[in-house]
Structure formats: structure tokens, C-alpha cells
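Letter by letter, the chains look like this.
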Amino acid sequence: MKKLLGAIIALVVFANVLSSGYVSAEELPRDETLYVGGGLWSQPNNFNPLTPWAAVTGTIGLLYETMFLYDPLNDKLEPWLAESGQWVSDNTYEVKLKEGLKWQDGKPLTAEDVKFTFDIAKENGGVGWAPIWDWLSEVKVVDDRTVQFIFSQPHYEEWTYWLYNIPIVPKHVWESIEDPISYANTDNPVGSGMYKLYKTDEMRAIWIRNDDWWGTKVFGKPAPKYIVYVIVYSNNVALSMLVKGDLDWSNFFIPGVPDVKSTYNIVTWYDDKPYHLPANTAFLFLNTQKEPLNNPDFRRALAYAINPDEIAARAFQNQVLPAKPSGLLPVPVFEKIKAKDLEEKYGWKYDPEKAIQILDSLGFKDVNGDGYREFPDGSPMKFEIIVPYGWTDWMEMIRIISEQLASVGIRAEPKFPDYSKYWEDLTKGTFDMAINNFGSQVYATPWQWFNWVLYPDVTPVGEPSYSGNWGRYKNDRVIELLELINTEKDENKKLQYYRELQEIMLKEVPAIPIVYNGAWFEASPAHWTNWPTEKNPYAYPISWNNYWQMGGLKVLLGIKPVKSTTSPAETGTATTSQPAETSQTTTSSGEGGGICGPAALVGLAVVPLLLRKRKR
Amino acid sequence: MSGIKRYLTRKIVIYILTFFFAVTIDWAIPRFMPGDPVAVLLSRFATLPNVAEHLHSYFIQAFGLDKPLWEQYISFWNALLHGDLGISIYYYPKPVAEIIKSALPYDIALLVPSIVLSWIVGNWLGALAGKNRKLDSYLMPVFYFLTASPYFWFAIVLAYLLGVKLDLFPVSGAYSYGIIPSLSWAFIKDFLHHWTLPFLSLFLVQLGGWAIGMRNMIIYEIEADYAHYLEALGSSERLILKHAFRNAMLPQVTGLALQLGLIVAGALTTEIVFSYPGIGYVLMQGILNQDYFLIQGCFLMIILNVLVANFLIDLLYVVIDPRVKYSYTGGE
Amino acid sequence: MKGNTLRIALKNNKFKIGVAIVGFFIIFALIGPMFSKFDPLGYYVIKIGERSATKASIANLPPGEMGEIFTPQGVIKVKHYLGTDSFGRDLYSQLVHGLRSSLFVGLVGGGLATLIGLLIGFVAGYKGGWVDEILMMLTNILLVIPTLALLIIIAAYVTYRGVLIESIIIGLTAWPWTARAVRAQTLSLKEREFVALAKIAGMRDLAIIFGEIMPNMVSYVFMVFILQFGGAILAAVGLDFIGLGPTRGISLGIILQNAVLWNAIQLGYWWWAIPPGLVIALLITGLYFINTGLDEVFNPRLRREE
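Thresholds applied
The residue count restarts for each chain, going from 1 along the sequence in the order it is written. Chains carry letters from A onward and ligands carry numbers from 1 onward, assigned in written order. pLDDT decides what is reported in this predicted model: residues at 70 or higher carry local features, side-chain atom pairs at 80 or more are listed and counted, and totals for whole chains, interfaces and linings draw on all residues regardless. Water and hydrogen atoms were dropped before computing side-chain values, which therefore reflect all heavy atoms in the structure. For helices the rule is a DSSP run of H or I covering at least 4 residues; for strands it is a run of E covering at least 2, with both sets numbered from the N terminus onward. Three labels apply to residues, based on accessible area from a 1.4 Å probe with only protein chains included: buried if under 20% of the type maximum, exposed if over 50%, partly exposed otherwise in between. Contacts are assigned to residue pairs that have any heavy atoms within 4.5 Å of one another. Should DSSP find at least two bridges between two strands, the strands are taken to pair. For helices, the fitted line uses only the C-alpha atoms of the stretch in contact; every axis is such a line through C-alpha atoms, and the angle between N-to-C directions lies from 0 to 180 degrees. Two rings from Phe, Tyr or Trp (for Trp, the six-membered ring) form a pair when their centres sit within 6.5 Å of each other. Planes less than 30 degrees apart are called stacked, planes more than 60 degrees apart edge-to-face, and all others tilted. Put simply, a charge is over a ring when the Lys NZ or the Arg CZ is close to the ring centre, within 6 Å, and near the line of the ring normal, within 35 degrees. For patch detection, residues must exceed 30% relative accessible area and be free of salt bridges, and they are connected within 9 Å for like charges or within 5 Å for nonpolar side chains (Val, Leu, Ile, Met, Phe, Trp, Tyr). Using a 1.4 Å probe, accessible areas were evaluated by the Shrake-Rupley method; residue-level cover was limited to the displayed protein chains. Salt bridge, as used here: a side-chain nitrogen of Lys or Arg that lies within 4 Å of a carboxyl oxygen of Asp or Glu. We define a polar contact as two N or O atoms separated by no more than 3.5 Å, with the added condition that, inside protein, one atom must be a possible hydrogen donor and the other a possible acceptor, whereas residues neighbouring each other in sequence contribute only through side-chain atom pairs. Note that Gly is not counted as nonpolar here; it falls among the polar residues with everything else outside the nonpolar set of Ala, Val, Leu, Ile, Met, Phe, Trp, Tyr, Cys and Pro and the charged set of Asp, Glu, Lys and Arg. Each angle gets one of four labels, with under 35 degrees taken as roughly parallel, over 145 as roughly antiparallel, 65 to 115 as roughly perpendicular, and the rest as oblique. In this scheme the handedness of a crossing depends on how the near helix is turned from the far one: anticlockwise by less than a right angle means left-handed, clockwise means right-handed.

A. Geometry of the environment of Ile-254 of chain C. Within the element layout of this structure, Ile-254 of chain C appears in helix H10 (residues 252-261). When its relative accessible area of 6% is taken as the criterion, Ile-254 of chain C is described as buried. Distance from Ile-254 of chain C to Leu-244 of chain C, taken between C-alpha atoms, is 9.5 Å for residues ten residues apart in sequence. Those residues in contact with Ile-254 of chain C, other than ones at most four positions away along the chain, are Tyr-389 of chain A together with Asp-240, Pro-246 and Gly-249 of chain C.

Structure (C-alpha cells):
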């Protein structure tokens, strides 16, 4: 029997190994390997930079690089592949590339590659940045290192976004690929970045440092020789890996972190609540095409009835900040345009009495005595709030909202459809109220944020809409303002327009901001140190798809190995404070990152079981 | 002889028909599910409406979802007969066959040993309990408890006790993230280390079921007329038990074959608890993302497995049990 | 005859233990909520005038601790028999309501599966011929498609699911084994003299099925039902756990799912993850005991105890 058992196991292991196709016997050296997780939800098998939303995290950033980075901590667009970039006339933007750029196969990266990157989007509508060609007319190569973008109608704000979101691809590789949209690009992809793709399998993507990286002399060399980006399907596994020091850098939302943080020396951005930087605004979208949600006063009453503080505490254990009425994230790019006076004047604060007062005055009263208000004509009034089933913190969130609304007499039942149904209701406008945050993150330009929240091109109810403004709020002035901001160069005028937009939002309440979802970041000090934190704020520490250029890359350049020889006993000794190294990191502002549009990738999420927690 | 031939011919016809129906259902079911799979795929793209719109039609076309249903059905069979299971939507652009190929070894590694070993040990313990009443009164409740436990709950308990409390085994994955699969001793050790907990939880729960089955069969056989007859003739208890055991084995072998047929679907929840990258998990992803092609591929695997296992049992019965007349009897 | 069976049954220890366990859980499910001041989801219900609102207690309390609920009328202290989860919801209340829904699924799902299985098995076995062929083909096809997988797909169809729908889904997929077994039983009974006599006497098919064959199978049917009852509960727990359970309400599987999602194991909140599964395992063990006990009662040869 033992023999049989042995034979079976041997056979099975053998079959396993054969099928995975590996031959080398190798264990990655722990001290040179960085384990990262939180932005990979399925087997890594797509490294196509032209479809950033489907690509494995790191495809843009580690492998392919953008011309600029965006640093949300300082609201700075920072040159990366570019040396400089500016508007040389009203409709021409000129980029000068750095000297000595080269691809991982040794060929030089030139202006031709930049031109090619844009031209390929002209021919293939599925490329992420194809819509640019609606307002871009030509990409002109001036010399090897200089490119000019000539616009038919410059969209200044949108352009800023693309500057740090378009990965430059090598012409000599991609020009011969037949269907570039569905090309998986898994065999030795050639990028220009600081890491090369090493191996992938069911559980991870492994990156190896590009020791020949052009940027070494400019930015230095990233410390980890290998990056293992792990797939972790459930956050309980993520937590146990983190406390054991098996996961160095986590971008998961992990319940319970506040409880165990000090026991295991887990590094978070803030030592105390809210623990994390903000990443996006979670809104309660109200269907403005339905009675009585089409009434701004009614919507305002709802806003008064909802208490974001309680939601942040109960649904998120205070790992998030409650949102202010403007919904603008507390980061510099938004602070810059935020009209605090208007928020004071037209905003609201949790005040159920005030809500009751408004509702009474609108004529929504409880006439049949069931504890809930009816329409002024006496017909029953009932709403449903939806979030995808299994997104547990959101489920908790709408339960609390439902309670809070009930206490002012509004019946709003929490409902948990499966993700696909939720998505259908949301995009077709067939819901009453819904939580969503897919496009409300930090951008280099607030325009992008407003353009999602108040997205102008909404379809009629019943037809799918592809961007935000799920409540289908319509306002001609808003459409005009969004257009004006996008095409305006003058910063002061823009500021005025932004003020006007905020005033409309505060007065009209198209959607109610609830909380600022966190840029979840938990790091283990066991093997790597000098993590960015509030006290050492050198980078926005997120490794999600399209967030590398917003700070993830800087983290790689900033972290240091704890010791070159690690013994298992050491785990507890490395503490978070490494004062000696702090000074040096403050200078590392060389890169910047941007957020990214299709960051929604991370939200993919459909796995009810596991991760429902993936909020970017 | 011709009887057996006719029996087999009939069986084969039935299997072919069953296969046809099962595959048709397999094809039909995901297509009538609510929701638009491409829209869900593109929901990752919510900030770039123009591109999303463009890609929507691109994908609908690429996956052939714009064609009339009958055309989709025919091309499905056509591709199937060429071994082409299509391209996964969720794991786009990876072919389904490849996804299954890379996930299958983990299922085999986990399920074959757990099923076979639990069968061997379970039958052995069950037989012991069957012939020894004293032992039986202790063991039977344990067996029942094991077989009554949900797989994943048992997995949770083991993970809590052996993984978290005692820290003896890792609680997730098929091997360490830092090791590259190879035939080295280090890797095999690591693999087995990760394999232990999921294996144990499957092994123990299944063991209960086998043991109960065997115990009941043995008791039944011991009390059967022929056993009393043998006893009256003065045969040794050993001989009687031997006979009883042999007769009791038949349904157990059937059960084993059926269980092996269910290999793919069997460990779904366990795979989820331990993040074990098998087909169960892949199937789950497919369903949650309305990935038609992935769902179909996984189901096809399952159907084929079960059909082959059933057919083997039929053959076995012809060999072992000449009394087979109507059909094989299933045993639960 | 009946009284006799019952008397023998009541002498059977396995039967008695099984009935005690299952009976305990049934009674617990019936009266358990009376000892709880919380709603099925584990929230404390307060009244504000006409309306009621729900409030959570302190999070992550171990069993037996006192929780505090802040209400407009002041702080209320309540004991949590089984502690609270990470949202401050009472686990005792969730457990007892979860048990209710499990028993409901067992009753409806198991009952439905038994009924369908009986019907198809009877008809196939009794009629024979092409009716038998077709019904058995249907049965075999359904057997080939693994139940859990089928369940997953059907469950995904229905976007808002309640416990009743879940039960029906389970009932509709779980019957093939029963049908097969019943068919075999029917086949053997059909050959018995009393059926032949009934036929000669000119009784109609249905009359024969219900008048002659059925009574001889009651014991068997009852045992099948018990197995289906347990099977339905297990199937439901599995569905709930992978996130395809009821989208409203509570169940034991949902408690377990939440526990795993919210790191109960890693954080040491065993009272969240262990009790629901234990309840299921014990309940089903009890059912199996009843089944074995009955088997011994109906098949005197199997009786090991006097």
C-alpha cells in the first residue's frame, strides 16, 4: 500500500512538473525578491500594453513605460521617458525624450517609436487611447528625440491624463504583429522598463530586474532583483502571508489590519486611522430619471439623512475617511480647485432633523402610519439600493444607509444582485440607488474625475452607458463646463469653471459622496524596509494596474533590503522606523505617477467569494 | 456471448446519446444566462467610454456572439470535434484548452490520492467496524460525523488548528511563491507541504463515507442467508468474512469509479478555501464572469470523465457480475 | 404492525440518538429566536416611534461577553451567547436563524427531490419499456452532469435569490439517485405475487402503484427522504459558501462565507467560523443515525442490538 501511495504521489508530481514546462531547479533568493499582491486577480496571461485594461499589472510601468509619471502626493507631472514636454503653441505639444533611452533588446527608443505608438491607435479602434484621434491630427517626428503632437482641437486636460497613461511600444516589434488587439504578448515581451517578464504560472507573475535599464544612471537601480506578483484569492490568505512575512507589499483591503497592526509591525501609511491614503470616492448614485429622485431637494434630504462617519466606522473599521459633500478627495490636485466656501455654503452635514424637515415640506409624509413616508399623492414610496453580492464592505455600507434612511422615514431596501446584474442595472439606468466608484479616483486633472461623475454623454434609460454618471443626471451647463475646462488653457478661468461645477454639484446633489475608499497599503518590514509612509512620504504606494506610474515605480526605487543575509529569527526585529534612511528618500522625487483611467481593472471583481474587496 | 455483445452495443448507443445531450445542454446553459459577458469584461474599462463601446462590438464579433444561435451551435460542434474549445473571455486571450491543461494537474494531484487513499483506508476501517461490534460503536459515530461535515468547513477547521494555531502547514497555494517548479527534492517537499492540508480535509471527509458504506455492506453480508448457511456448515469466521468482504467490494468499486469520474468538480470549495489553483476554481471564475467558453470547457471535461468512468463500470460488471441484466445499480 | 415498528424503533439506540440530535436542533430552531433580542442578521432592533431601526453591538466579542448598543434612549447592555462578528452582529441570532433556513432547505429541497425521484422511479420501474428507457436516459444525463456544477449555473440565473428558490433548485437537481434506487425497488416489488394478483384482479396502474407497491416501500421512501434532507442541507451550505446562496436573509453557509472573507480564522475569532459548520455536521450526523437505526428496524437482520 505504501508503495502504491508513493508511486501515485511521484506520478502526480511528475505530471504536474511536466505540464508546467519548467526544467530549472531554482528557488528565488528571499533577500533579493519582493513579494507583491493586490492587483492581480487571475492567471497572468496578457501583457499587451495596447489594451491596458486587460493587461497584467506592471505591463505598464515595469515593462512598458510612459512619457511622464504623475505624483498625486505633490500633484506633479514628472518626466520619465520624456526629458521635458510643453505646449509650444495653442495646438502643438512638444515632447523631448531623454538621452540614451533603449529597449530591453538593446535597440534605441526613439521618436519614431512614440509616433508609432499613436499611429497604431489610429488604425485599431480597440487600442486604449484610440479616441485621442478625434481631436489629434498628427504626430510629427522632429528629430530622434523630439516629437510634436499637433491637435485639431486640443483637449488640454485630457491630454495631461494621456501623457502619463500611454505606454510607448517598440515599433520594430509591433509593426509586424497582425492583430495587435488580441495579441497576448507573453513570449519575451520587449519593453523599455526596469523589469523584464521572467515567468508566469497559475499563482503569480515573476519579474526580473533589467540590469541594463536606461534609467539606472538617472534614477538609480531598484533594489529587488525579482518581483513576484502573487495572486491571492482571498484576503484572509493575504493577511496570513503578510504577518508571516511572506508578502512584503500588499494592496489588498484587509479587514482586521487595525487589530493586528502593532502585533506584527505591519506598515501602513498612517499609524492611526484612517491608516490609508484615499484612492477614490465611493458615491451613492441616485437615479435622477425617476420620481422622486429627480427632485434635487429630495436628493438633498437624503444627503442630510446619511451619516458617512458611521459608515466609515462600521463598514470599514475606520480604514477609510468619510466623504465631504463635494466628494473631492483630500489630495493636492483636488485641494487646489476645491471651493471650501461653497462647500460651507451649499454643503450639508449629517442632520436627520433637517432631512425630516425637507421631506415634510416637500409633502412626503407618512399618511398610512406604517412608519414610512408616502408620495404626496399617498401612493407608497419604496427604493432599492444595490451593490454586487459578495462585496461585503459595500453590502454592509448599504445596510447602514438603509437604516439611516429608515430613521427619517424613507424605505430603501438593500439588495445584492450578482455582479453581472448589478452592472447591467447600473449601465442601463434601471436601478434606484447604487454604490459605485469605478472612475472616481485620483487623476492628474480633476476634469477626468468630474467627467466621470457627471459624464455628459449618457444614453437613455434602458440602453447601456459606458461611463460614470450612472444616475443619468442631465444639465446643459455641466456639459458646457466640462467642454470648456477641457479646452481651456488659462488656469484661472479653469478654476472659475471648476467652482461653478462644484456649486452645481452641491446644489443639485446628482450623487451623494459616502466615503473615500482607501489606497490600501500594508507592508511587512521583515525583508524590505524604508517603505513610504506619512512620515516618509516619497511615493503613493500602490501596485495596481496603471498605478505603477503614480508611485509604484518610486517605491521600487526607494525600498531597501533589511539585510543581505536574513535569518528567520530576524522577522520581529526590523521595525518600521529607519530614521537613517529617511533623509535620502525625501529627495527621490524623480518619478511621478499617474493614476490611470482604466484602473477599474482592479475592480474587476466578480468573484463573490473572494475578493469582493477589491476596490481600487 | 451475443447477449453481452448486444448489451454493450446498447450501452454504447446510450452513451453516445447521453454525450450528445449533455454537450448540447452544456452549450445551451451558459448562453441563456442573464447578463452580457462582454459588458462585464469591459466593466473594467468604465472610465473610457468610447473605447469600451468600440471594444464591445469588437468582442461580440470576435467571439461569434453576433451570429444566430443555430450557427453558433454548429460551429461549436465543429470546433469541438477539432479539439478547439474556444478562447476564454475572462482569461482573454488564452485558449480554454490551455487553461484547463494547466489547472488539471492540480486536481489530479489532489483528488486521485485523496479518493484512492480514503477508499483504501475507509474500506479497511469500515470492514473492521463491520465485524467488530465493540469497535463499531466507537468508530461509527466518527465516520458519520466526518461524512456529515461540509468539505470546506472541515478545511477551515484544519486550517485553523494545523495552519494557524500550530503553524505546521501553509494554508494557501500549491507551492511557495518563491520556488520554481522542478523535479528537485526541495520543490517536491514544498509541494507536498502545501498539498497536505487540502489533501487531509478531502481525505478525511471522504473516508467517512467509504467506511460507512463498507461497514453496512459487511454487516449485511454477514447476516445474509449464505453466511448463516456457511456458519451452519461449520466454516471458520475468517472464511465467512472473506466471502462477505468480497461481495461487499462490488458496490464500493462502483462508487470508487464514479467518484473518480467526478474528480474535476469534487474539490471546488476546498480549492477555494486553500486557494488551490485547480479546475474547480477556474470553473468558478468562468461562471461568475459569464465566460461561456470556459464554462463549456470545464463541463466537457467533467462530462467526459463521468461518462468514461460509468462506461468502465459497465464493462467491469460484465466481467465480474454475470447477473447484470437491466442496468448497473448505483449505490449511494 | 405500525405500533410494533415504532416500538422496535424506540428500542434502537441509534434511532434514539439520531432523533434526540435532530429533535434538539428542530426545537432549537423553533424556540431559539425567542432567547435573542436580535434580528436574523444579528442586529439589535430599536424602536423610534413607529419605525424600527437596527443597531450593531461591539465587534468581535467572544461568546458570553456583554455587548453595548448605543440607542437614543441610552446604552443597552446585552449578552451575546455566541459572541459577535466583525460588524458587531450577534452570532447566536444569526446561527439560530441560519439553522432555520437550513432546515427549511432540507425539508423543501429534500422533499422535492424525494417526490420527483419517487415519481420517476416508480413510473420507470413499473411501466418498463420505452417509458423506462426515456426516463432512465434523462436520469442518467442528469447524473452525468455534476450536481454542484449544475446548481452553480442555475443559481446564477436567478439574480435575487431567496431560500425558497435555493431549495427548489436543489430539489430539481438532486432526484436522479433516488429515481434510480426507487426504480430498482419497484422492479423487485413488481415481481412479487401480490402485484401480479392485483393485476389479475384488474386494478388500474395508479391504483396498483399507490395501493400495493407504495405501502410496501414507505419505510424505504422515508429513509430516502432523510438522506435527501441531509443532502439538500449540505448542497445549500456549499452554494452559500461560494457566494451563490440566498442574496437576502441569512444561512449557515453565509455565516461561514463571511467568516472566511473577514479573516475570522487568521484573527482567531473561532466562534465565528466553527459553530455553524459544527451545527451542520451534528445535524446531519443525527439524520444518518436515524437512517441507520431505521434500516436496522426494517431489516431485522441488520440489528446488532437487542
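That covers the picture; the talk isn't over yet.
B. Just the pairing of strand S13 (residues 226-230) of chain A, in detail. All names here are of chain A. Burial of S13 is extensive: five of the five residues sit out of reach of the surface. Side chains of S13 alternate between two faces, with Tyr-226, Val-228 and Val-230 and Ile-227 and Tyr-229 buried alike. When strand S2 (residues 33-37) meets S13, the two strands line up parallel, connected through five bridges. In the sheet register, Leu-34 faces S13, and the bridge partner there is Ile-227. Bridge count for strand S12 (residues 204-209) against S13 is five bridges, and the pairing is antiparallel. When the bridges of S13 are listed, Ile-206 appears paired with Val-228.

C. Representation of the sheet that holds strand S9 (residues 146-151) of chain A in the model. Residue and element names in this part refer to chain A. Overall, antiparallel pairing links the four strands, which are arranged S6-S7-S9-S8 in an open sheet. Of all the strands in the sheet, just strand S6 (82-89) and strand S8 (136-143) have a single pairing partner and so form its edges. For this sheet, the mean inter-axis angle between neighbouring strands, taken without regard to orientation, is 20 degrees. Here S8 runs beside S9; their pairing, made up of six bridges, is antiparallel. When the sheet's bridge partners are listed, Glu-138 is paired in S9 with Ile-150. Lying over the sheet, helix H2 (residues 111-123) contacts strand S7 (92-97), S8 and S9, oriented at roughly 170 degrees with respect to S8.

D. Here's a closer look at the packing of aromatic side chains. Taken as a whole and judged by the stated rule, the model has 64 aromatic pairs over all chains. A centroid spacing of 5.5 Å and a plane angle of 50 degrees characterise the contact between Tyr-144 of chain B and Phe-289 of chain C, whose relative ring orientation is tilted. A residue pair is termed interchain when its members come from two chains, as with Tyr-144 of chain B in helix H6 (residues 133-148) and Phe-289 of chain C in helix H11 (residues 270-298). By relative accessible area, Phe-289 of chain C is classed as buried at 6%. Geometrically, the ring pair formed by Phe-187 of chain B and Phe-191 of chain B is tilted, given 6.1 Å between the ring centres and 40 degrees between the ring planes. Linking Phe-187 of chain B with Phe-191 of chain B, this pair stays in helix H8 (residues 185-222), spanning four residues, or about one helical turn. In this structure, Phe-187 of chain B and Phe-191 of chain B share a single accessibility class: buried. Taking NZ or CZ as reference, Lys-122 of chain A lies 4.3 Å from the ring centre of Trp-133 of chain A, over its face. Between the NZ or CZ atom of Lys-199 of chain A and the centre of the ring of Tyr-198 of chain A, over which it lies, the distance is 4.6 Å.

E. Structural context of unusual backbone geometry. The omega torsion of the bond from Lys-273 of chain A to Pro-274 of chain A falls at 10 degrees, within 30 degrees of zero and hence cis. With an omega of -10 degrees, the peptide bond between Glu-291 of chain A and Pro-292 of chain A qualifies as cis. One non-glycine residue, Asp-75 of chain A, adopts positive backbone phi at about 50 degrees. Of note, Asn-60 of chain C is a non-glycine position whose phi angle comes to about 60 degrees, a positive value. Structurally, Asn-60 of chain C is set in the loop between strand S2 (51-55) and strand S3 (66-71). We classify Asn-60 of chain C as buried; its relative accessible area is 16%.

F. Broad picture of a nonpolar patch on the surface. Together, Ile-26, Ile-27, Leu-30, Ile-31, Met-34, Phe-35 and Tyr-81 of chain C make up an exposed nonpolar region whose accessible area comes to about 720 Å². Relative to the helices and strands, Met-34 of chain C resides in the loop between helix H2 (13-31) and strand S1 (44-48).

G. Spotlight on the pairing of S9 of chain A. All names here are of chain A. Counting buried positions along S9 yields six of six residues, so the element is predominantly enclosed. Where burial is concerned, the two faces of S9 agree: the one with Thr-146, Gln-148 and Ile-150 and the one with Val-147, Phe-149 and Phe-151 are both buried. The sheet contact formed by S7 and S9 spans five bridges and is antiparallel. Considered in S9, the bridge of Glu-94 is made with Gln-148.

H. Looking closely at the interface of chain A and chain C. Counting residues at the interface gives 39 residues for chain A and 34 residues for chain C. Counting across the chain A and chain C interface gives one salt bridge. Close ionic contact of Glu-396 of chain A with Arg-89 of chain C constitutes a salt bridge, the shortest N to O distance being 3.4 Å. Remark: the boundary between chain A and chain C carries three residue pairs in polar contact (both at pLDDT 80 or more). Counting residues per element, the ones that place at least two in the side of chain A that touches chain C are helix H6 (235-244), helix H7 (257-260), helix H9 (308-316), strand S17 (383-386), helix H13 (392-406) and helix H14 (419-428) of chain A. It is H13 of chain A that contributes the most residues to the side of chain A that touches chain C, six residues altogether. Looking at the side of chain A that touches chain C residue by residue, the classes come out as 15 nonpolar, eleven polar and 13 charged.

I. Main features of the packing of helix H15 (residues 446-453) of chain A against helix H16 (residues 476-487) of chain A. Residues and elements named next belong to chain A. The contact between H15 and H16 brings their axes to 10 Å, and the two run at 160 degrees. When the axis of H15 is compared with that of H16, the two are roughly antiparallel. As for how H15 packs across H16, the hand of that crossing is left-handed. Contacts between H15 and H16 involve Trp-447, Phe-450 and Asn-451 from the former and Leu-482, Ile-485 and Asn-486 from the latter. Its residues assigned to classes, the contact of H15 with H16 comprises four nonpolar, two polar and no charged.

J. Local environment of the side chain of His-194 of chain B. Residue and element names in this part refer to chain B. The residue His-194 is located in helix H8 in this model. On the basis of relative accessible area, His-194 is assigned to the buried category, the value being 7%. Polar contacts involving the side chain of His-194 include one to the main-chain carbonyl oxygen of Asp-190, which spans 3.0 Å.

K. The arrangement of H10 of chain C in detail. All names here are of chain C. Extensive coverage of H10 is indicated by the burial of ten of its ten residues. All of the buried residues along H10 are Leu-252, Gly-253, Ile-254, Ile-255, Leu-256, Gln-257, Asn-258, Ala-259, Val-260 and Leu-261. At the exit of H10 stands Asn-263, carrying a positive phi of roughly 65 degrees.

L. Structural view of the pattern of salt bridges. All names here are of chain A. If you walk through the whole model with that rule in mind, you get 40 salt bridges over all chains. A salt bridge links Glu-413 to Lys-382, with the nearest nitrogen and oxygen atoms 3.5 Å apart. Of this pair, Glu-413 sits in strand S18 (residues 412-415) while Lys-382 sits in the loop between helix H12 (352-362) and S17, and the two are 31 residues apart along the sequence. Residue Arg-477 is joined to Glu-480 by a salt bridge in which the shortest nitrogen-to-oxygen separation is 3.3 Å. Of the two residues, Arg-477 and Glu-480 are both situated in helix H16; the distance of three residues between them amounts to about one turn of the helix. With a relative accessible area of 28%, Arg-477 lands in the partly exposed category.

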